[in-house]
Each structure stands twice: as C-alpha cells, then as structure tokens.
Amino acid sequence: MVSGSVQQSPFVSDFLQKCGGYAVVDGGFATELERHGADLNDPLWSAKCLVTSPHLVRRVHLDYIDAGANIILTASYQATIQGFEAKGYSTEEAEGLLRRSVEIACEARDIYYDRCTKDSCDFIDNGSTSRRPLLVAASVGSYGAYLADGSEYSGNYGDAVSLRTLKDFHRRRVQILANSGADLIAFETIPNKLEAKAYAELLEEEEIHIPAWFSFNSKDGINVVSGDSILECASIADSCKQVVAVGINCTAPRFIHGLILSVRKVTNKPVIIYPNSGETYDANRKEWVQSSGVRDEDFVSYIGKWRDAGASLFGGCCRTTPNTIRAISRVLSNKSSQSLN
C-alpha cells in the first residue's frame, strides 16, 4: 500500500459503512435496453434512448435497483453535446438531454423508494427501519466513445488530440452533469493517461463540487488499453482531491485481481471494479465476440477474492445483466454475514 496518499473521502467511507462495508454498482446498460426492444444502431448508442425511449432507460435503472445495486449510472456515457449537435439537436437541446439522463435515474430511485414505503420492503438495521443507500452517478464516457469507432478500447487518439483538445471537449458536459442533481460523476473506460490528466485538471479548474471516480480499462492486466501504465494512471486519480474512488471497468474478469493489486500500490482511495463479460469488442463489426475470457455468469465466483485483494465497490460492465448484479449482491451479503459471525 502506498503511504502518504490522499485521505479517504468521508463521502465514500460513510456510504460504504451504510452499505455494510461494500457497495454494488449496476451492470451493462446498452444490452439491457436492447433486450427491452431498443434499437441502438446509432452513433449516440444508448444515449439515443434519452430521446426515443426514456421509459426504457427508467426501466433498466429500476431493474438494477431491484437486483440490489447501490449505485446506478446514468445513460450519459455516449451523451455529448457534440454528438447530439451532429444529429441535428441544438446546444440547448443537447444540454437538456444531459440533464434529463440524471433526472431519469433520480426518478427511478424515487419510484423504488416510494414502492419500498408502500410495500414495507425496507430492511431492518440495528433495530430500526432503514432504506438501502442509493446513489446516482453521472456517467462520462471517453473521447473515444464519442468517436464511436471503438477507440475507447485502444486509447489511440492520434497526435492531433492534445490535453487542451480533451479538456475543451469535456468541459461543458462536466459542468452540466456536476450541477444536474447527480451524487457523483463517473469517468468511465478511461483509455489513456492523457485523458485522465484532462479530467483531473478539469475537476480542479472548474472547482467541481461533487465527488468523482476514475475507472480505466485494460486488455493485458498491466497497462491501460493505450499501453500507458496503470500505476501512472491511477496515480493521477489519486492526486486529484475530487476523485474519491479509483478502479477498473470494461475489462476481462481474468485481469481484475492483478489490476486491483496494482491500483492499491498507488492509492488508499476505495477501489471500484466492474468488469465486462470477458468478451472482446470488435470495432469493425461493432459487436462483442467470444474470447477466452470468463463469461459474466462465472466471474461472480471471483468477487470474494477481489474483495480480499482490496476492492470495495463491485458491479458489471458490457454484457452483464441484472442477474449478474443480483448474484454479486448475494455473494457480498453472504460474505458480510459470515464476517460478523
């Protein structure tokens, strides 16, 4: 463990304590939208549903809450002002859709809590009735996600994309999401050190008041997908005071254990992990293809090992389902019960 790291945020430590020492993040979003009938063959991907099918977005959020998630991520991963404008929307409409992504997630949380009140489905904690803690995380996808060419899985943006380019691209979007009513911002699938630095500088420059997490993706278990060192990338996150958790997402389960150990070398902040199903994204075919990785129904068996390695927030990414999240919640609940006995 690194010494001299930034102290753990009371926001996260208090939240984790309320959750029983760990927290459950939701799972794959786009595939669930498709399962409910959405057509996502569009550069906007899941963000398209903010326009065409907001009721499906709300439905998927509720499915994950019902499965045991403590944190739900908004449908804004692919939602960018530039992307909406390219589809003919005005800047005002684009900004409104970003805010709407958070509103829908908050609506789902309210529906769940209203249902709990009516159905008395709250759980008993220390002899008193308590509601399961639920946070809304505003998702920010990488610049590569906006390009819709699979480059968030390579991190190769070319020499023309500078630190300033990335900050200018993300600035207004981050400003809007920070003031949208979300509890935190989730910077997801960060593919290279440059973008991590851009996010960290933006958070400082804009004096963003809500917490954030940084999660990187890897295809070798040692570096992020661009080839930059996971140690260097996680160190950037550690040095940013607004970042309250650091981790890995959209990465094959077989690499997660080693990556947790690497992240723990450079930060004392909570580690978040939400791997994909173990398949590989083919950017040319724009689909997930089978690889030698572990399928989503199998990686749940590693949750205990990942927790022992130092992770404290767990969920799933692409191709995982509410069933995956339900299984993760069950494993962690059982482990927590055993530790109390």
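Residues numbered from 1 in each chain as written. Predicted model: local features only at pLDDT ≥ 70, side-chain atom pairs only at ≥ 80, totals over all residues. Heavy atoms only, no water.

Some thoughts on the overall build of the protein
(1) Moving on: Regarding its fold elements, the protein presents 14 helices and 12 strands.
(2) Moving on: Buried residues in the protein amount to 58% of all 341 residues.
(3) Moving on: Total accessible area computed for the protein in this model is approximately 13900 Å², and 46% of it derives from carbon and sulfur atoms. (Helix = DSSP H or I, 4+ residues; strand = E, 2+ residues; numbered from the N terminus. Buried < 20%, exposed > 50% of the residue type's maximum accessible area, 1.4 Å probe, protein only. Areas by Shrake-Rupley, 256 points an atom, 1.4 Å probe, with all protein chains shown as cover.)

Considering the nonpolar core
(1) Moving on: The biggest cluster of nonpolar side chains holds 87 residues, and the ones touching the most others in it are Leu33, Ile185, Phe187, Phe214, Phe216, Phe314 and Ile328.
(2) Moving on: It is helix H6 (residues 91–119) that provides the largest number of residues to this core, a total of 11 residues.
(3) Moving on: Listed in part, the 22 residues of the second largest apolar core include Leu73, Ala137, Cys317 and Cys318. (Core = buried A, V, L, I, M, F, W, Y, C linked by side-chain atoms within 4.5 Å.)

Looking at the confidence of the model for the protein
(1) Moving on: For the protein, per-residue confidence averages 89 on the pLDDT scale, and residues scoring 70 or more make up 86% of the total.
(2) Moving on: Ignoring residues within four places in sequence, the model shows residues 124–129, a span with pLDDT below 50, making five contacts including any to other chains.
(3) Moving on: Long-range and interchain partners of residues 293–297, a stretch whose pLDDT sits below 50, account for 15 contacts in this model, where long-range means more than four residues apart. (pLDDT = per-residue confidence, 0-100. Contact = heavy atoms within 4.5 Å.)

Description of the UniProt feature "binding site: Zn(2+)" (unreviewed entry) in the protein
(1) Moving on: With numbering matched to this structure, UniProt assigns "binding site: Zn(2+)" (unreviewed entry) to Cys250, Cys317 and Cys318. For this annotated set, covering 69 residues, all C-alpha atoms fall within 6.3 Å of each other, a compact arrangement in space.
(2) Moving on: Its place among the elements puts Cys250 in the loop between strand E8 (243–249) and helix H11 (256–266).
(3) Moving on: With respect to the helices, strands and loops of the structure, Cys317 is situated in the loop between strand E12 (311–314) and helix H14 (322–340).
(4) Moving on: We classify Cys317 as buried; its relative accessible area is 11%.
(5) Moving on: Beyond its immediate stretch of four places on either side in the chain, Cys317 contacts Gly27, Gly28, Asn249, Cys250, Tyr274, Pro275 and Asn276. (UniProt positions renumbered as here; feature names shortened; annotations may be inferred.)

Details of the pairing of strand E5 (residues 135–140)
(1) Moving on: For E5, the tally of buried residues reaches six of six residues, placing the bulk of the element in the interior.
(2) Moving on: Burial along E5 is two-sided: Leu135, Ala137 and Ser139 and Val136, Ala138 and Val140, pointing in opposite directions, are all buried.
(3) Moving on: The sheet contact formed by strand E2 (residues 71–73) and E5 spans three bridges and is parallel. Bridge pairing in E5 links Ile71 to Leu135.
(4) Moving on: Here E5 pairs with strand E6 (residues 184–190) via four bridges, running parallel. Bridge assignment links Ala137 to a residue of E6, and that residue is Leu184. (Pairing = 2+ DSSP bridges.)

Quick notes on the packing of aromatic side chains
(1) Moving on: Scanning the model with the defined rule gives 13 aromatic pairs in all.
(2) Moving on: Ring centres of Tyr143 and Phe169 lie 5.0 Å apart, and the angle between their planes is 90 degrees; on these two criteria the pair is classed as edge-to-face. Linking Tyr143 in helix H7 (residues 143–147) with Phe169 in helix H8 (residues 163–178), this pair joins segments that are 26 residues apart in sequence. Of the two residues examined, Tyr143 and Phe169, each falls in the buried class.
(3) Moving on: Ring centres of Phe187 and Phe214 lie 5.4 Å apart, and the angle between their planes is 80 degrees; on these two criteria the pair is classed as edge-to-face. (Phe/Tyr/Trp six-rings, centres within 6.5 Å; stacked < 30°, edge-to-face > 60°.)

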